[in-house]
Amino acid sequence: MYENSQKKTIFDKNHEQRENPVDALFLLTKNISKEINKDVKERYKTNTDLVDDRGILQMDFFSRAQGGIYTPEEIKNDKEHILMKEIEWSGAHDPHVQKFYKEERGIEGKEAIAKVRMKDKEREKSSQMEMLTNAIFYKILKDRFLVVRSSTHDDYFSGVDNYLVDKETGDIVCAFDEVHDHAHGDRKEKKWERVESIGKGGKKIKYGIVPQGDKLIQKEIRNIPVFFLSLTTEELNRGMRGFSRDVHGVPNQLEKETFNKYISLLEEEYSRIKDMEMPRPTKENLEKFKRALQTMKEIGNIKTPSS
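Residues numbered from 1 in each chain as written. Predicted model: local features only at pLDDT ≥ 70, side-chain atom pairs only at ≥ 80, totals over all residues. Heavy atoms only, no water.

Q: Just to check I follow, could you spell out the nonpolar core for this structure?
A: Generally speaking, nonpolar side chains in soluble globular proteins are found buried as a group. Formed by 74 residues in total, the largest nonpolar core has its most connected members in Leu50, Phe137, Tyr163 and Met296. Dropping the residues within four chain positions of it, Leu50 is found in contact with Ile36, Asn37, Val40, Ile56, Leu57, Gln58, Phe61, Leu146, Val148, Ile209 and Leu216. Counting residues in each nonpolar core, the second largest holds 8 residues, with Leu83, Ile87, Tyr101 and Ile107 among its members. (Core = buried A, V, L, I, M, F, W, Y, C linked by side-chain atoms within 4.5 Å. Buried < 20%, exposed > 50% of the residue type's maximum accessible area, 1.4 Å probe, protein only. Contact = heavy atoms within 4.5 Å.)

Q: What am I meant to see in the packing of aromatic side chains here?
A: Tallied over the full model, the rule gives 11 aromatic pairs. Here Phe62 and Tyr207 contribute two aromatic rings whose centre-to-centre distance is 5.1 Å and whose plane-to-plane angle is 80°, an arrangement assigned as edge-to-face. Placement of the pair is Phe62 in the loop between helix 2 (21–44) and helix 3 (72–90) and Tyr207 in strand 4 (residues 203–212), with a sequence separation of 145 residues. Exposure class is identical for Phe62 and Tyr207. Each is buried. Here the aromatic rings of Phe137 and Tyr262 are separated by 5.7 Å at their centres, their planes lie at 15°, and the arrangement is stacked. A residue pair is termed long-range when its members are at least 10 positions apart, and Phe137 in helix 6 (residues 125–141) and Tyr262 in helix 10 (residues 253–273) qualify at 125 residues. Through a chain of ring-to-ring contacts, the aromatic side chains of Phe61, Phe62, Tyr70 and Tyr207 assemble into a single cluster. Above the ring of Phe26, the side-chain terminus of Arg54 is found at 3.9 Å from the ring centroid. Sitting over the face of the ring of Tyr70, Lys206 holds its NZ or CZ atom 5.0 Å from the ring centroid. (Phe/Tyr/Trp six-rings, centres within 6.5 Å; stacked < 30°, edge-to-face > 60°. Helix = DSSP H or I, 4+ residues; strand = E, 2+ residues; numbered from the N terminus. Lys NZ or Arg CZ within 6 Å of the ring centre and 35° of its normal.)

Q: Could you clarify how one ought to interpret the packing of helix 4 (residues 95–105) against helix 5 (residues 110–121) in this entry?
A: The description of two packed helices rests on the angle between their axes and on the distance between the axes. The contact between helix 4 and helix 5 brings their axes to 11 Å, and the two run at 75°. Taken together, the axis directions place helix 4 and helix 5 in an arrangement best described as roughly perpendicular. Contact residues: helix 4 offers Val97, Gln98, Tyr101 and Arg105, while helix 5 offers Lys110, Ile113, Val116, Arg117 and Asp120. Here the residues of the contact of helix 4 with helix 5 are counted per class, giving 4 nonpolar, 1 polar and 4 charged. (Axes fitted to C-alpha atoms, helices over the stretch in contact; angles between N-to-C directions. Parallel < 35°, antiparallel > 145°, perpendicular 65-115°, else oblique. Nonpolar A, V, L, I, M, F, W, Y, C, P; charged D, E, K, R; others polar.)

See the structure below:
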């Protein structure tokens, strides 16, 4: 029996090594999404899935047709703006791009080209980092925080990739914009310029969720501080090779190390802006973030330098 168990362990490890890490991350993200939807339905008695298979907040969750706050027409309008942006990014207006997709992939039409291009983009480094970050934060913080990827609308038009919601206090603690640094993560001036923009008032999240007791309130949320998380290509590749596929398992050492790096980045960014002049609501949200950051450190068992 021990021999069979040992063979299975070896097989499992070899299988993880052989499989495509991006496909494995897609599967992990899908399983995390199932857990989030299950938890939200049980905890807040909702009937609709909160997130899709990629862990992204579903805009239709906010439709009045589902008991939400926005009319179906308004959500439809937001989706049209998203499509226009995707067509622009894909270059689908360009006749040369249209020719390429028709000849090489048998795809015609601007919308079809845009959809395929965005599907391809899901496998790029920037998307890998979003999913990997979301998975790591979920595994470590899931009992206390709701960890979600923002709606596509808030991703495109507010620059918010992920955000954390404290299940106990109901606070949207902060939002993240993940940055994949192609070289060595040394684009400091650009980074600090973006971080210090929090002083101008933070960001707006149109499709926001706020826990209040046994209810999940939908609302537009303003003055949210957005922090920046970055990994170099080497760090991202190492993370993609080493993340655990087990959605229920204890985070492995590599995941803990990446989480610790993120916490250090957040502390550094907070220290940079905490004394800046900023609108009162933003300052209040920054104080909530400070308290939540300490909670995250305690959950991750991260000691401060002075301790």
